[in-house]
Amino acid sequence: FLVGLETSVEEMRSVGFDSLRVAVLGVAAPFLLGFYAARLLMPELSVNVDLFVAATLGATSVGITARVLQDMGWLRSRVAHVILGAAVIDDVLGLIMLAIVSGIVVSGGVELGGIVHVVVLSALFLVGAFVLGPYFLSGTIWLLRRLDIVEAKIFISFLFVMVLAWLANLAGLATIVGAFTAGLILHDAYFKHWGNHEEHRFRIKDLIAPLEAILVPI
């Protein structure tokens, strides 16, 4: 979520094609190398086992990657935007790959329905988050407009992260993709009810930072 706050939708869109290329290579290379390594090291086992081993190697840890980029001070760089964009695409590609492998193992062929299901759910989540997310935020802020600005920023930010993380999980994506998407959408300008956001004493990032200090190491 905090990484998403440091990034904008426009910045992510500008590296879309590069992120797609990185994501495809980042899934295909581990899959192929993993398959041949499993075949070489475990020749007595079936090809189905090799396929599952290969599929698991396509998974990435965007949380660790994001933290390393943050500690190096690279979050605002083009390289970071490409990596983070690729991590989101990776998650979708990993689900598609798992659907393909499961279909081959269970039924002996590619289950087109499973692949379409994954793509549609992932697309619905991402499109729905960016289209409906701002309306959700505006409505929630209006309902809680009587809160103090600090209380409002902490509560609404935390609520938005949890809702999108939960919806991402329902769509089969990693919860961290939902949290990152929440950060991309949310910014201090939404809290205009309390005056010019540039004059607020605390930014969202400042208020959420103590939670990060406790939860991230855990």
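Residues numbered from 1 in each chain as written. Predicted model: local features only at pLDDT ≥ 70, side-chain atom pairs only at ≥ 80, totals over all residues. Heavy atoms only, no water.

## Examining the overall build of the protein
- From N to C terminus, the protein includes 10 helices and 0 strands.
- Starting at the N terminus, the α and β elements of the protein follow one another as α-α-α-α-α-α-α-α-α-α.
- The principal-axis extents of the C-alpha atoms in the protein amount to approximately 65 × 35 × 35 Å.
- Taking all 218 residues of the protein together, 35% fall into the buried category.
- Looking at the protein alone, contacts between residues at least 24 apart form 69% of all its contacts between residues at least 6 apart.
- Total accessible area on the protein is roughly 12,300 Å²; 71% of this is exposed by carbon and sulfur atoms.
- In the protein, 13 positive and 17 negative side-chain charges are present, and the distance between their average locations comes to 7 Å. (Helix = DSSP H or I, 4+ residues; strand = E, 2+ residues; numbered from the N terminus. Buried < 20%, exposed > 50% of the residue type's maximum accessible area, 1.4 Å probe, protein only. Contact = heavy atoms within 4.5 Å. Areas by Shrake-Rupley, 256 points an atom, 1.4 Å probe, with all protein chains shown as cover. Lys, Arg positive; Asp, Glu negative; His and termini not counted. Charge placed at Lys NZ, Arg CZ, Asp CG, Glu CD.)

## Remarks on helix 3 (residues 16-41)
- Taking 1.5 Å as the rise per residue, helix 3 with 26 residues should run 38 Å; its terminal C-alpha atoms sit 37 Å apart, in good agreement.
- Every buried residue of helix 3 is accounted for by Asp-18, Ser-19, Ala-23, Val-27, Phe-31, Gly-34, Phe-35 and Ala-38. (Expected span 1.5 Å × (residues − 1).)

## A few points about a nonpolar patch on the surface
- Together, Ile-64, Val-68, Met-72, Trp-74, Val-79 and Ile-83 line one region of the surface with nonpolar side chains, adding up to about 550 Å² of accessible area.
- Mapped onto the nonpolar patch, the elements with two or more residues apiece are helix 5 (62-71) and helix 6 (78-107).
- Topologically, Val-79 is positioned in helix 6.
- With relative accessibility at 48%, the residue Val-79 sits in the partly exposed group. (Patch = residues over 30% accessible without salt bridge, like charges linked within 9 Å, V, L, I, M, F, W, Y side chains within 5 Å. Salt bridge = Lys/Arg side-chain N within 4 Å of Asp/Glu carboxyl O.)

## A look at the packing of helix 8 (residues 149-170) against helix 10 (residues 204-215)
- Relative orientation of the contacting elements helix 8 and helix 10 amounts to 65°, with a least axis distance of 10 Å. Compared by their axis directions, helix 8 and helix 10 come out roughly perpendicular. You can see that helix 8 and helix 10 cross each other, and the crossing is right-handed. Residues Val-150, Lys-153, Ile-154, Ser-157 and Phe-158 of helix 8 pack against Ile-204, Leu-207, Ile-208 and Leu-211 of helix 10.
- Classifying every residue of the contact of helix 8 with helix 10 by side-chain character gives 7 nonpolar, 1 polar and 1 charged. (Axes fitted to C-alpha atoms, helices over the stretch in contact; angles between N-to-C directions. Parallel < 35°, antiparallel > 145°, perpendicular 65-115°, else oblique. Left-handed = near helix turned anticlockwise from the far one by under 90°. Nonpolar A, V, L, I, M, F, W, Y, C, P; charged D, E, K, R; others polar.)

## Observations concerning the pattern of salt bridges
- With the rule as written, the count across this model stands at 5 salt bridges.
- Put simply, Lys-153 and Asp-188 hold a salt bridge, and the shortest N to O gap is 2.6 Å. Residue Lys-153 is found in helix 8, and its partner Asp-188 is found in the loop between helix 9 (175-185) and helix 10; the two are separated by 35 residues along the sequence. Across this residue pair, the class does not change: Lys-153 and Asp-188 are buried.
- Connected through shared salt-bridge partners, Asp-18, Arg-21 and Arg-78 make up one network.

## Description of the side chain of Lys-153
- Residue classification places Lys-153 among the buried positions, given a relative accessible area of 1%.
- The contacts of Lys-153, once residues within four sequence positions are left out, are Asp-188, Phe-191, His-200, Phe-202, Arg-203, Ile-204 and Leu-207.

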